[in-house]
Amino acid sequence: IQMSKQKIIVESPGRINLIGEHVDYNGGFVLPAAIDKKIILSFKKNDSSKCNISTLKYNKSFQLDLSHPINRSDVHWENYIIGVIKNIMNLKPGKLQGFDCVIESNLPVGAGISSSSALICGIAKGVNELYNLDLSDDDLIFLAKDVEHNFIGLKGGIMDQFTICKAKKNKLLLLNCTSLDYRYIDANFYPYKILLLNSNVPHKLSDSEYNTRVKECNNAFDVISKKYFKYNFLAEIPEKIIYEFKDELNDKVYNRALYVSQENQRTIKSAELISKGLYSDFGRLMYDSHEGLKNLYEVSCDELDFMVDFSKEHKEILGSRLMGGGFGGCTINLILESFVDEYINKISDEYYKKYSINLESIVGSISDGICVI
Ligand code: GLA
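Residues numbered from 1 in each chain as written. Predicted model: local features only at pLDDT ≥ 70, side-chain atom pairs only at ≥ 80, totals over all residues. Heavy atoms only, no water.

Q: How would you sum up the pattern of salt bridges? Please name residues and give values.
A: All chains considered together, the criterion is met by 20 salt bridges. For Lys166, the salt bridge goes to Asp138, with nearest N and O atoms at 3.1 Å. Placement of Lys166 in helix α4 (residues 159-166) and of Asp138 in helix α3 (residues 137-152) is noted, with a sequence separation of 28 residues between them. Classification of Asp138 as partly exposed rests on a relative accessible area of 38%. With a closest N to O distance of 2.7 Å, Arg256 and Glu216 form a salt bridge. Of this pair, Arg256 sits in helix α7 (residues 251-275) while Glu216 sits in helix α5 (residues 206-227); the two residues are 40 residues apart in sequence, bridging distant segments of the chain. With a relative accessible area of 11%, Glu216 lands in the buried category. (Salt bridge = Lys/Arg side-chain N within 4 Å of Asp/Glu carboxyl O. Helix = DSSP H or I, 4+ residues; strand = E, 2+ residues; numbered from the N terminus. Buried < 20%, exposed > 50% of the residue type's maximum accessible area, 1.4 Å probe, protein only.)

Q: So, unusual backbone geometry: which residues are in play, and what are the values?
A: Cis geometry marks the peptide bond from Tyr190 to Pro191, where omega comes out at 0 degrees. Positive phi, normally seen in glycine, also occurs at Asn170, with a value near 60 degrees. Here Asn170 is to be found in the loop between α4 and β7 (171-176). On the basis of relative accessibility, which here comes to 42%, the residue Asn170 falls in the partly exposed class. Although it is not a glycine, Leu180 adopts a positive phi angle of roughly 65 degrees. Tracing the sequence through the fold places Leu180 in the loop between β7 and β8 (182-186).

Q: I'd like a description of the side chain of Glu303, backed by residues and values.
A: Along the chain, Glu303 turns up in helix α9 (residues 302-312). Here Glu303 is buried and forms no salt bridge, its nearest opposite-charge partner Lys354 lying at an N-O distance of 9.4 Å. (Lys, Arg positive; Asp, Glu negative; His and termini not counted.)

Q: Residues and numbers for the packing of helix α2 (residues 115-130) against α4, please.
A: A packed helix pair is summarised by two numbers, namely the angle formed by the two axes and the spacing between the axes. It is the contact of α2 with α4, at a shortest axis distance of 9 Å, that shows an interaxial angle of 55 degrees. By the angle between their directions, the pair α2 and α4 is classed as oblique. Crossing hand, α2 versus α4: right-handed. Contacts between α2 and α4 pair Ser117, Ala118 and Cys121 from the former with Asp160, Gln161, Ile164 and Cys165 from the latter. (Axes fitted to C-alpha atoms, helices over the stretch in contact; angles between N-to-C directions. Parallel < 35°, antiparallel > 145°, perpendicular 65-115°, else oblique. Left-handed = near helix turned anticlockwise from the far one by under 90°. Contact = heavy atoms within 4.5 Å.)

Q: Which residues make up the state of the cysteines, and what are the values?
A: The final tally for this structure, using the stated rule, is zero disulfides. The thiol sulfur of Cys121 is not disulfide-bonded, and the nearest other cysteine sulfur, from Cys165, lies at 4.3 Å. (Disulfide = S-S within 2.5 Å.)

Q: Explain the packing of aromatic side chains to me, using residue names and the numbers behind them.
A: How two aromatic rings sit relative to each other is given by the distance of their centres and the angle of their planes. For the structure on display, the rule yields 15 aromatic pairs. Residues Phe43 and Phe99 carry aromatic rings whose centres are separated by 5.7 Å and whose planes lie at 55 degrees to one another, so their mutual orientation is tilted. Of the two residues, Phe43 is situated in strand β3 (residues 32-45) and Phe99 in strand β6 (residues 99-105); the sequence distance between them amounts to 56 residues. As far as burial versus exposure is concerned, Phe43 and Phe99 are alike and both buried. These aromatic residues form a ring-pair network of at least three members: Phe306, Phe310, Phe339, Tyr343, Tyr351 and Tyr355. (Phe/Tyr/Trp six-rings, centres within 6.5 Å; stacked < 30°, edge-to-face > 60°.)

Q: Break down the pairing of strand β5 (residues 60-65) for me, with residues and values.
A: With six bridges connecting them, strand β4 (residues 50-55) and β5 associate as antiparallel partners. Each residue of the ladder has a partner; that of Lys50, found in β5, is Asp65. (Pairing = 2+ DSSP bridges.)

Q: Give me the sheet that holds strand β2 (residues 29-30): which residues, what numbers.
A: Backbone-to-backbone hydrogen bonds pair the strands of a sheet. The strands run either parallel or antiparallel. An order of β2-β7-β8 is seen for the three strands of this open sheet, with the pairing classed as antiparallel. Only two strands of the sheet have a single partner each, and these edge strands are β2 and β8. The sheet strands contacting α4 are β2, β7 and β8, and the helix crosses β7 at an angle near 135 degrees.

Pasting the structure below:
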């Protein structure tokens, strides 16, 4: 007889992305990994119909009663959890019972390292294990995406959830977001290291602007695919075809499409360069990616541009770009390991002088995806 578990702990990591930004929902390639910053969720059955969720760091808690209809909350973060529970109750009716869940985290929120997906995936994975719901990793990935799309209202791609569920220590994931084929690539950048610098600019605008980008890309694809029907997604349309639509598309939509096509090519090229140990060449593509995100895709901000420009003055840094959705959050930098401490001090001082904001540095190592202890 299999004893069902009474208590489990789930560790759900944040994700970084080396290159391939805003291409996941356009069916292109991304190159993410998980980092060793995570959300830790401790679950315990409580023999009732109630779910008691609390966070240690923010000292917040709330309760749901599974025997009553469950509604959306006015408190934003609670909806990530409510969304998962509602979704699982639809998928596996009558299987879910009450539990206590205590959440700890060393994952900065709003930094573009996907704390929201880590939370959603963490709750789904925990409940799945606690109540033996038989949901596979793929089920969890799509469930998490569905919660974000239909309950939270962010029309994101699959990159974050996929990475959180499938990542491996010291590996990057080269993921084709159309077919979901993927392969692991060694993430050994020695003597360089990945450094994240959190601008600490709250990215408030980002949700609505994000969905606007999704619409603009769909719009570009609709127009182009009327003439070129062999393409199924925007990211796979070659740059030279996009050029033909310069007059037909409005300027913004044209720029978005051009960026997506170029970024997809950069990502494919980057995977090859990293595999061959050609880190300087990869670094240049990181800079190109940032230029595109700033000028064509328009998801950067002053603070992030300042950080990327500042890095260009230091030969110890091979590349730097904004990471994640944009409008704030982090830059990801490829930097000589022996220069990390000196650089953090230097850029933090300059950043504070200019913006009166504290820069936060995260020297992450690349770690395994979600796991149950
Ligand atoms: C957010 C979304 C992802 C992806 C990135 C940008 O993190 O959740 O799906 O689109 O932005 O690359």
